[in-house]
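# Examining the three-dimensional arrangement
Chain residues, written in single-letter form:
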Amino acid sequence: MDINNEIKKKGFLDIDLPDNLNLKEEINKLKAEKNAIILGHYYQTDDIQEISDILGDSLALAQEASKTDADLIVFAGVHFMAETAKLVNPTKKVVLPDLNAGCSLADSAPADEFEKFVNAYPEHTVITYINSSTEVKALTDICCTSSNAKHIVNSFPKDAKLIFAPDKNLGNYINKITGRNMLLWEGACHVHKEFSIPRIVELKQQYPNAQIIAHPECQSDLLIMADHVGSTSSLLNFTKNDSGQQYIVATESGILHQMRKFSPDKHFIPAPPEDSTCACNDCNFMKMNTLRKIYLAMKYEVPEITLDDELRKKAAKPIEKMLEISNKLGL
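Residues numbered from 1 in each chain as written. Predicted model: local features only at pLDDT ≥ 70, side-chain atom pairs only at ≥ 80, totals over all residues. Heavy atoms only, no water.

What follows deals with the pattern of salt bridges. Working definition: two side chains of opposite charge can pair if their charged atoms are close together. Tallied over the full model, the rule gives 13 salt bridges. With a shortest N-O distance of 3.5 Å, Lys-328 and Glu-324 are connected by a salt bridge. Within this pair, Lys-328 and its partner Glu-324 are both found in helix α16 (residues 309-329), separated by 4 residues, close to a single helical turn. Given the relative accessible area of 68%, Lys-328 is considered exposed. You can call Glu-324 partly exposed: its relative accessible area is 44%. Within the structure, one salt-bridge network assembled from shared partners comprises Lys-34, Lys-93 and Glu-301. (Salt bridge = Lys/Arg side-chain N within 4 Å of Asp/Glu carboxyl O. Helix = DSSP H or I, 4+ residues; strand = E, 2+ residues; numbered from the N terminus. Buried < 20%, exposed > 50% of the residue type's maximum accessible area, 1.4 Å probe, protein only.)

Core analysis: the biggest nonpolar cluster contains 76 residues, and Ile-127, Phe-195, Leu-222, Ile-248, Val-249, Met-259 and Met-322 have the highest contact counts within it. In terms of residue count, the dominant contributor to this core is helix α5 (residues 79-88) (6 residues). Once residues within four sequence positions are removed from consideration, Met-322 is found in contact with Leu-59, Ala-62, Ile-130, Ile-142, Cys-143, Cys-144, Thr-145, Asn-148 and Ile-152. The next biggest cluster of nonpolar side chains, apart from the first, holds 17 residues, and it includes Ala-36, Ala-76, Leu-291 and Tyr-295. (Core = buried A, V, L, I, M, F, W, Y, C linked by side-chain atoms within 4.5 Å. Contact = heavy atoms within 4.5 Å.)

Aromatic ring pairs are reported here in terms of the distance separating the ring centres and the angle at which the planes meet. Per the stated rule, a full pass over the model turns up 6 aromatic pairs. When the ring of Phe-114 is compared with that of Trp-185, the centres are 5.5 Å apart and the planes differ by 80°; the resulting orientation is edge-to-face. Of this pair, Phe-114 sits in helix α7 (residues 111-119) while Trp-185 sits in the loop between β8 (183-184) and α11 (197-206), and the two are 71 residues apart along the sequence. The two residues Phe-114 and Trp-185 agree in class, both being buried. A ring pair is formed by Phe-117 and Trp-185, whose centres lie 5.2 Å apart and whose planes are at 80°; its orientation type is edge-to-face. (Phe/Tyr/Trp six-rings, centres within 6.5 Å; stacked < 30°, edge-to-face > 60°.)

Reading across the sheet, the 4 strands line up as β10-β9-β11-β12 and stay open at both edges, with parallel pairing between neighbours. The open sheet is flanked by β10 (228-229) and β12 (267-270), the only strands paired with a single partner. Here 2 bridges tie strand β9 (residues 211-214) to β10, and the two strands are oriented parallel to one another. From the neighbouring strand, Ala-214 faces β10, where its bridge partner is Val-229. Relative to the sheet, α11 contacts β9, β11 (246-250) and β12, its axis offset from that of β11 by approximately 175°. On the sheet, helix α13 (residues 232-241) packs against β9, β10, β11 and β12 and is oriented at approximately 155° with respect to β9. (Pairing = 2+ DSSP bridges. Axes fitted to C-alpha atoms, helices over the stretch in contact; angles between N-to-C directions.)

Turning to unusual backbone geometry, a few remarks are in order. Look at the link from Ala-165 to Pro-166: it is a cis peptide, with omega at -10°. Inspection of the secondary structure puts Pro-166 in the loop between β7 (162-165) and α10 (168-178). Between Val-302 and the following residue, Pro-303, the backbone shows a cis peptide bond with an omega angle of -5°. Turning to its location among the elements, Pro-303 is positioned in the loop between α15 (291-300) and α16. Residues other than glycine seldom take positive phi values, yet Asn-35 does so here, at roughly 50°. In this structure, Asn-35 sits in the loop between α2 (23-34) and β1 (36-41). Residue classification places Asn-35 among the partly exposed positions, given a relative accessible area of 33%. The phi torsion at Glu-301 lies on the positive side, around 60°, for a residue other than glycine.

None of this, on its own, says anything about what the molecule does.
Okay, here's the thing in structure tokens:
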């Protein structure tokens, strides 16, 4: 049996591991043997965050991916993130522990529909959030993340005609704080659009001293209520440096691990979703990665992210432009 082909077809489900295998130790051994690096997003589970060599939000991970000297990049995140790492590292092997770890926001902008939309406004410059497919990035002039979106938008003249995609909530927020009137694609993240305003109001009544902090992918009525709005890393830094003691956190719950780690004496309360019967403030896709899958992905070096070279070259350009501006501004 060709183990690589089997894994590509079916994933890692049929591979048995010894019950006494210490996954963390084995992962660390493989890092050294293969000159491998694990890039982990803040929304991963606690154990994955702890074994990640670089932990960060989308901007930090894209920056680290562009300059790593590792031979093997294991991306503990979702599909568009691993693709981005491959875009900026075409000669390196990039593996994603679970190819099904997609993104509802990226899925909300199918490339064929987005191409029609862009073609209908040929005089517009296209700014695309990094949470998008490689095919959509190839239709883009410059990318952005929630950390640098304001700066990317402000790099264009005030009268520039701009398209912003795919996250409408982030686009609305950037329009508001920059005074722009960008044309917005109708996309959203399934986690950030599910928070319940009435239930957050109830929490605020229960914890009157708690500050509400929110990711700009949240809906505008929640952002109006928030004491601080920012990217995942911005939210984390705010809680580190702020003098407050209680926070209602409106973003994916994975970041709470780092908040509690850096500020153990503070109280962090996850903002509740509309549906009280589910953990809707967890990203189902992010949580598809496990230590077991990371170990096997590193051991067998699959599933590997591969991209058509012509497509890769087109999609790499807006990422490279974003990184160049971010580096110049010290972001």
